[in-house]
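Read off the chains here:
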Amino acid sequence: MRSDFAAARELLECAQNRLCGMDETSQRVGEALDSLIEEIAIAEFRKAPLTIVPFPRARPPRHAR
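Residues numbered from 1 in each chain as written. Predicted model: local features only at pLDDT ≥ 70, side-chain atom pairs only at ≥ 80, totals over all residues. Heavy atoms only, no water.

Draft legend 1. Layout of the pattern of salt bridges. Taken as a whole and assessed by the stated rule, the structure comprises 3 salt bridges. Two residues, Arg9 and Glu13, come together in a salt bridge whose shortest N-O distance is 3.4 Å. Taken together, the residues Arg9 and Glu13, both in helix H1 (residues 5-18) and 4 residues apart, mark about one turn of the helix. When the shortest N-O distance is used, the salt bridge between Glu24 and Arg28 registers 3.6 Å. Of the two residues, Glu24 and Arg28 are both situated in helix H2 (residues 24-44); the distance of 4 residues between them amounts to about one turn of the helix. In this structure Glu24 comes out as exposed when scored by relative accessible area, which is 62%. Relative accessible area serves as the criterion here: at 48%, Arg28 is assigned to the partly exposed category. Through salt bridges with shared partners, one network takes in Arg9, Glu13 and Glu44. (Salt bridge = Lys/Arg side-chain N within 4 Å of Asp/Glu carboxyl O. Helix = DSSP H or I, 4+ residues; strand = E, 2+ residues; numbered from the N terminus. Buried < 20%, exposed > 50% of the residue type's maximum accessible area, 1.4 Å probe, protein only.)

Draft legend 2. Fine view of the state of the cysteines. Overall, the coordinates contain 0 disulfides when judged by the stated rule. Among the cysteines around Cys14, which has no disulfide bond, Cys20 carries the closest sulfur, lying 12 Å off. The exposure class of Cys20 is exposed, given its relative accessible area of 65%. (Disulfide = S-S within 2.5 Å.)

Draft legend 3. Quick look at the side chain of Ser26. Counting through the fold element by element, Ser26 comes out in helix H2. Of the polar contacts made by the side chain of Ser26, one reaches the side chain of Asp23; its length is 2.7 Å. In contact with Ser26, other than residues within four places in its own chain, are Leu19 and Gly21. (Polar contact = N/O pair within 3.5 Å; in protein donor to acceptor, adjacent residues only side chain to side chain. Contact = heavy atoms within 4.5 Å.)

Distances and angles like these do not, on their own, reveal function.
In structure tokens form, the structure reads like this:
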């Protein structure tokens, strides 16, 4: 089973947005969440192996025949 990084990132961003206080704990936890969000975003957008789909050669335009 694969992790749902998009859902996890969304939940962490929501939690971060709720920490609107200027106290030390809110600031510290917000910074920790920022680090987690960044790590999840990296995992979420990590490039998977590419699959190259071959296409048949295009026919030349009619006016060039």
